[in-house]
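Structural description and commentary
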Amino acid sequence: MQTVPLQLTDVIYNAATQTFEARVTVHDRKGAHSYACAIDAPITMEFEDAAAGLATQAMRRHVHGRADATHMPHATAPLRSSRRAGLRRMVLDRFATERPRAA
């Protein structure tokens, strides 16, 4: 049996649906495939057990070739520099409008 590296990100407990949810990325020879997974479980479940259940669900989807997978040929962190610059500009503009103007 071949071992496939998995990466779990954004693991949360959704109290409304009583599920553990995560994005699981499976890395294989073809690249990285990302799956949105959720398992029904009580909030008292150990994290290791929840992670194992999420990983099992992702591997089942990966092996059976589910169409709702997102293929990422090169998994990289998103660029956020432009977003930060935009937020900084919004903050500066807000302060500029609140400053009293000379008559």
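Residues numbered from 1 in each chain as written. Predicted model: local features only at pLDDT ≥ 70, side-chain atom pairs only at ≥ 80, totals over all residues. Heavy atoms only, no water.

In the structure shown here, the tally under the stated rule is 1 aromatic pair. Both rings, one in Y13 and one in F20, keep their centres 4.9 Å apart while their planes meet at 65°; by these two values the pair is edge-to-face. You can call Y13 partly exposed: its relative accessible area is 23%. (Phe/Tyr/Trp six-rings, centres within 6.5 Å; stacked < 30°, edge-to-face > 60°. Buried < 20%, exposed > 50% of the residue type's maximum accessible area, 1.4 Å probe, protein only.)

The next subject is the pairing of strand β1 (residues 6-14). Taken together, the 7 bridges between β1 and strand β2 (residues 19-28) define a ladder with antiparallel strand orientation. Counterpart to L6 in the pairing with β2 is V26. (Pairing = 2+ DSSP bridges. Helix = DSSP H or I, 4+ residues; strand = E, 2+ residues; numbered from the N terminus.)

The buried fraction of strand β3 (residues 31-40) is high, at 7 of 10 residues. As defined by bridge partners, β2 adjoins β3 across 10 bridges and the pair is classed as antiparallel. Within β3, the position partnered with F20 by the bridge is I39. The turn linking β2 back onto β3 is made up of 2 residues.

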